[in-house]
Amino acid sequence: MIKTLSVTSECAPFVKTGGLADVAGALPAALGALDVQMRTLLPGYPAVMQALKQPETVLTVPDIFGGEVRVLAETVHGVDLLVVDAPHLYDRPGNIYLDDDGKDWADNPQRFSALCQVAALIAREGVAGWRPDICHGHDWQAGLMPEYLQAEADRPATMMTIHNIAFQGLAQPSLIGKLGLDPYRFTQAGYEYWGKVSALKAGLMSADRITTVSQTYADELTTSEFGMGLEGVIRSRRDDLSGIVNGIDDVAWNPETDTAITPYKTFKGKAVNKSALQAELGLPAAKGPLCVVVSRLTQQKGLDLLLQALPTLLERGGQLAVLGTGDPALEAAFRAEARHDNVAVHIGYDEAMSHRMIAGGDAILVPSRFEPCGLTQLYGLRYGTVPLVALTGGLADTVINASPAALAVGSATGVQFAPVTADALTGALGRMCDLFEDKKVWEKMQRNGMKQPVSWDISAKAYAAIYQDMLAKR
Ligand code: ADP
């Protein structure tokens, strides 16, 4: 059995701001079936502490950044949690990364350094007799974990997974000493990034292996368009980088058993969910497709392009339902569009509603400028909700475009567009409306999507294979 410590700042169902949480929450069970024991090290935010019922204290550290830190162990919802209980760092209301003004918490470098310091302690000494063979960190918040361990001879193998390279965890160099970093590695070949400390770069330079969440995103990361300044780093580590597409949690996201909707086995069961969603949102019946969006409202997601392309969808008799939260300007712009009878906008984060949207929609729109993997198009496939997506990252890898060739052989599962512009999106919405009018073709796409394997089975095997490979090479 391979023992792995997953080091993450989010984990569903305890705390989630995006897809990272879904991945961190689903991987342990998927790997468990492959003889990998994964324990998950997670900061003790209020929501996480509340989820613990009878935790065991397995480690106490007298002082990290001015307060005592305890590690609490308990298995909750099937996830074997190791929670970093550090009230001075994590016990605060609101967003886990941002203060009330929407700015990063000023002490984020310390908050996530603490997570990584605890990870390194567990890597060296273990907890309650358990020492990992592998430490697997996610995104910049875990980036200092391999950095802290890199110089040590007797250490677990380390791996970093990039869920989104846009977030890099920058800190002032004046913090180098405080964060316990080796000042001699503050160089281009180390964790220095344009005069600052980059936690993500630290992880990418020091981890034994790197993965990201789709093959196309792995390729894109080597380019200046997508590498966000780290393309050189990625290129220098190309031989150690793999792309593994995310799966979905097929217990939470199964239309046959989903308690948030009227469950269904085939796409025919969507009709009742669509009517219910229209009623819930105050949308009339319409001749065109009901398109749904479940997303953070940010520049990345390309939803400003959707605002520009919306008239075409409405002219074709389509409808739009948006569930999202994020950038205030985008929130306001979508709210304003709700003046149309065929547009409904719900600003907020609502897990149950996201299930109703995906079950009730005819199509799910993901027009992202970049998308490392993307999950909602996978939910769409599983629920017979045809994805319309930008041709980028994981969206390129998981949807089969309704090209003339794919339609001829009957393999299409959705619609893709490129380049990621309002014009191309407008064209794609038009194509989608054409396809929707041809019921036979549309239903074939729905059936194809529902058959496509989107669970963790395949991807978990790919992770397990990398773990094995790392251990074999030691
Ligand atoms: P990202 O991680 O960039 O936000 P993903 O598509 O990988 O994008 O994951 C987003 C996850 O967050 C999905 O599970 C999606 O359903 C969920 N989500 C996003 N916005 C909302 C919302 N407003 N309400 C409920 N779930 C949401």
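Predicted model, so just to flag it, every value in this text is computed and none were measured.

What counts, and where the lines are drawn
Residues numbered from 1 in each chain as written. Predicted model: local features only at pLDDT ≥ 70, side-chain atom pairs only at ≥ 80, totals over all residues. Heavy atoms only, no water. Near = heavy atom within 4 Å. Polar contact = N/O pair within 3.5 Å; in protein donor to acceptor, adjacent residues only side chain to side chain. Areas by Shrake-Rupley, 256 points an atom, 1.4 Å probe, with all protein chains shown as cover. Helix = DSSP H or I, 4+ residues; strand = E, 2+ residues; numbered from the N terminus. Phe/Tyr/Trp six-rings, centres within 6.5 Å; stacked < 30°, edge-to-face > 60°. Buried < 20%, exposed > 50% of the residue type's maximum accessible area, 1.4 Å probe, protein only. Contact = heavy atoms within 4.5 Å. Pairing = 2+ DSSP bridges. Axes fitted to C-alpha atoms, helices over the stretch in contact; angles between N-to-C directions. Salt bridge = Lys/Arg side-chain N within 4 Å of Asp/Glu carboxyl O.

**Some thoughts on the site of the ligand**
Okay, step 1: The full set close to the ligand counts 18 residues, and Lys16, Gly19, Arg296, Lys301 and Gly348 are the nearest of them.
Okay, step 2: One nitrogen or oxygen atom from the side chain of Lys16 is found 2.9 Å from an oxygen atom belonging to the ligand.
Okay, step 3: In this structure, an oxygen atom belonging to the ligand sits 3.0 Å away from a main-chain N or O atom of Leu375.
Okay, step 4: Relative to its unbound accessible area of 570 Å², the ligand is 93% covered by the protein chains.
Okay, step 5: Listed by contribution, the elements that provide at least two residues to the shell around the ligand are helix H1 (19-32), strand E13 (290-297), strand E14 (319-326) and helix H13 (376-382).

**As for the packing of aromatic side chains**
Okay, step 1: For the structure on display, the rule yields nine aromatic pairs.
Okay, step 2: Taking 5.8 Å as the distance between ring centres and 75° as the angle between the ring planes, the aromatic pair formed by Tyr45 and Tyr90 counts as edge-to-face. Of this pair, Tyr45 sits in the loop between strand E2 (36-43) and helix H2 (46-51) while Tyr90 sits in helix H3 (residues 87-90); the two residues are 45 residues apart in sequence, bridging distant segments of the chain. Assigned by exposure class, Tyr45 and Tyr90 land together as buried.
Okay, step 3: Between Tyr264 and Tyr383, the aromatic rings sit 6.2 Å apart at their centres with planes inclined by 80°, giving edge-to-face as the arrangement. In this pair, Tyr264 sits in the loop between strand E12 (241-243) and helix H9 (270-281) while Tyr383 sits in the loop between H13 and strand E17 (386-390), placing the two residues 119 residues apart along the sequence.

**Examining the side chain of Gln446**
Okay, step 1: Take Gln446: it is sitting in helix H17 (residues 439-451).
Okay, step 2: In contact with Gln446, other than residues within four places in its own chain, are Phe267, Lys270, Gly384 and Val386.

**A look at the sheet that holds strand E7 (residues 157-162)**
Okay, step 1: Across the sheet, nine strands lie side by side as E3-E4-E5-E2-E1-E6-E7-E11-E12; this open sheet has mixed pairing. Each edge of the open sheet is held by one strand with a lone partner, namely strand E3 (56-64) and E12. With strand direction ignored, the average angle separating the axes of adjacent strands in the sheet is 20°.
Okay, step 2: Both E3 and strand E4 (residues 67-76) contribute to a ladder of six bridges, which runs antiparallel.

**Section: unusual backbone geometry**
Okay, step 1: The peptide bond linking Ala12 to Pro13 adopts the cis configuration, its omega dihedral lying at 5°.
Okay, step 2: Mapping Pro13 onto the fold places it in the loop between strand E1 (2-7) and H1.
Okay, step 3: Note the cis peptide between Ala418 and Pro419, where omega equals -5°.
Okay, step 4: On the secondary structure map, Pro419 appears in the loop between strand E18 (415-417) and helix H16 (422-437).
Okay, step 5: Phi angles above zero are rare outside glycine, and Phe65 is one such case at about 50°.
Okay, step 6: Within the fold, Phe65 resides in the loop between E3 and E4.
Okay, step 7: With a phi angle near 50°, Met228 is a residue other than glycine that sits in the positive phi range.

**So, the pattern of salt bridges**
Okay, step 1: Here the structure, examined in full by the defined rule, presents 22 salt bridges.
Okay, step 2: Measuring nitrogen to oxygen at the nearest pair gives 3.0 Å for the salt bridge that ties Arg155 to Asp208. Placement of Arg155 in the loop between helix H5 (144-149) and E7 and of Asp208 in the loop between helix H6 (199-206) and strand E11 (209-212) is noted, with a sequence separation of 53 residues between them.
Okay, step 3: The class for Arg155 is buried, based on a relative accessible area of 11%.

**Observations concerning the environment of Ile2**
Okay, step 1: Structurally, Ile2 can be placed in strand E1.
Okay, step 2: We classify Ile2 as buried; its relative accessible area is 10%.
Okay, step 3: As a C-alpha pair, Ile2 and Asp350 span 348 residues in sequence and 36 Å in three-dimensional space.
Okay, step 4: Those residues in contact with Ile2 that sit more than four places away from it in its chain are Asp35, Val36, Gln37, Asp133, Ile134, Tyr467, Gln468 and Leu471.

Treat this as a map of the structure, not an account of what it does.
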